[in-house]
Amino acid sequence: MALARPLSFTEQLNLRAIGKDVYESLHAPSKMGNPANIAYGGYALATACKSTYLSVPAGYHLYSMMGHYLGPAYADRPLRASVRTIRQTRTFATRQVEVSQKRDDGENRVSLIAIADFHIKEPASLLEYSKPPSMKYSHYANLPSQKEAHQKLLDEGKITQGLLDAHAKTFGLLRGIYDQRPCPETVFPQNLYGMAKTLPTTQDHLTTTEKTNADWFRCIEHLPTPIDNMTNLTFFIDGAIAFLPLSFNHLWFEDIGACSSLDFALRFFMSGDEVDVGKWHLREMKTSVGSEARSYGEAWVWDEQGRAVACMSQQSILRPKVGVEKGKL
């Protein structure tokens, strides 16, 4: 019997209407970064993005989505999005969305709640500007793929085959959706996302808030509509922000009590019909604060012309192990 082919990104994020402004995914979300029955948080975010897009008239583009993760989504059942209209004018549309799953007892359990705001495309902008990345990164044309960069760590004897296999199992979801080219001057390609926590990096002399991770990425699947492109970027930009402080400080999940995203603020700086995730984009990630058993981090995305496309900021829980003195991040 032939194995079923993997679902494309578009298929994974297919939604069906089950009521007025209520949508359900056709497939359960997948895991990434957690061995438990917990789905990658980007699925809940992407479901919120797509469902709110489906509830607004044509010509309105998402520019802001802010909310909270109320609990992890499970990887064995579909996601449901319930959308409520808060505002609808000739210029703006505001929606509230709850993403939930049905528990075994039949009750809904909400995992994410957010406010999404849409704006029509204005005829002109008074000013056009955006901040650049923190430093000049290597161009994707001269870089190996992420798989090749990690294989080089193995070939150089810096990591074991077992660790490389563990990374592929933990983070392999993205490999089937994106072509990623890690920037070698940053942290993740030097320590395998932080899993090879004892490896030195060329940023070890920097403070935690000065360190960066950056990569070039593009979706390997053709995304036919603006909604698909915006949903795909929402899915991607959520990744890895919560554990940046670990990767930047030679720590990993065995060293901590808890690490997961609590809230998020996603902003788009281009209208949906201008975003094409099939083209190369640069992502830079940094963490700015660690305090009160929480961390704050950001991911920024630019297109190849250097225009800011989107940013995501998050606060995350970052608890030490019980009985272990906290480190200074």
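Quick caveat, the model's predicted, so the values are computed rather than measured. (Residues numbered from 1 in each chain as written. Predicted model: local features only at pLDDT ≥ 70, side-chain atom pairs only at ≥ 80, totals over all residues. Heavy atoms only, no water.)

1. A few points about the overall build of the protein chain
If you tally the helices and strands in the protein chain, you get seven helices and 12 strands. Computed over the C-alpha atoms, the radius of gyration of the protein chain is 20 Å, within 12% of the 20 Å expected from 2.2 N^0.38 for a compact globule of 329 residues. With respect to the three principal axes, the spread of C-alpha positions in the protein chain is 55 × 55 × 50 Å. Of all 329 residues assigned to the protein chain, the portion counted as buried reaches 49%. Long-range contacts, defined as pairs at least 24 residues apart, comprise 73% of the intrachain contacts of the protein chain with a sequence gap of at least 6. Surface exposure of the protein chain reaches about 16000 Å², of which carbon and sulfur atoms provide 54%. Taken together, the 36 basic and 35 acidic charged side chains of the protein chain have centroids lying 3 Å from each other. (Helix = DSSP H or I, 4+ residues; strand = E, 2+ residues; numbered from the N terminus. Rg over C-alpha atoms; globule rule 2.2 N^0.38 Å. Buried < 20%, exposed > 50% of the residue type's maximum accessible area, 1.4 Å probe, protein only. Contact = heavy atoms within 4.5 Å. Areas by Shrake-Rupley, 256 points an atom, 1.4 Å probe, with all protein chains shown as cover. Lys, Arg positive; Asp, Glu negative; His and termini not counted. Charge placed at Lys NZ, Arg CZ, Asp CG, Glu CD.)

2. Section: the packing of aromatic side chains
Tallied over the full model, the rule gives 21 aromatic pairs. Ring centres of Tyr178 and Phe236 lie 4.7 Å apart, and the angle between their planes is 55°; this geometry places the pair in the tilted category. Taken together, the positions of Tyr178 in strand β7 (residues 178–182) and Phe236 in helix α6 (residues 226–237) put the pair 58 residues apart, joining distant regions of the chain. Exposure remark for Tyr178: the relative accessible area of 4% places this residue in the buried category. Exposure remark for Phe236: the relative accessible area of 1% places this residue in the buried category. Arranged with centres 6.0 Å apart and planes meeting at 15°, the rings of Phe188 and Phe243 form a pair that is stacked. Here the residue Phe188 occupies a position in helix α5 (residues 188–191), and Phe243 occupies one in the loop between α6 and α7 (244–247), the gap between them amounting to 55 residues. (Phe/Tyr/Trp six-rings, centres within 6.5 Å; stacked < 30°, edge-to-face > 60°.)

3. Some thoughts on the UniProt feature "domain: Acyl-CoA thioesterase-like C-terminal" (unreviewed entry) in the protein chain
Within the UniProt annotation, "domain: Acyl-CoA thioesterase-like C-terminal" (unreviewed entry) is assigned to residues 204–317. Summarising residues 204–317: 14% helix, 45% strand, and an end-to-end C-alpha distance of 24 Å. (UniProt positions renumbered as here; feature names shortened; annotations may be inferred.)

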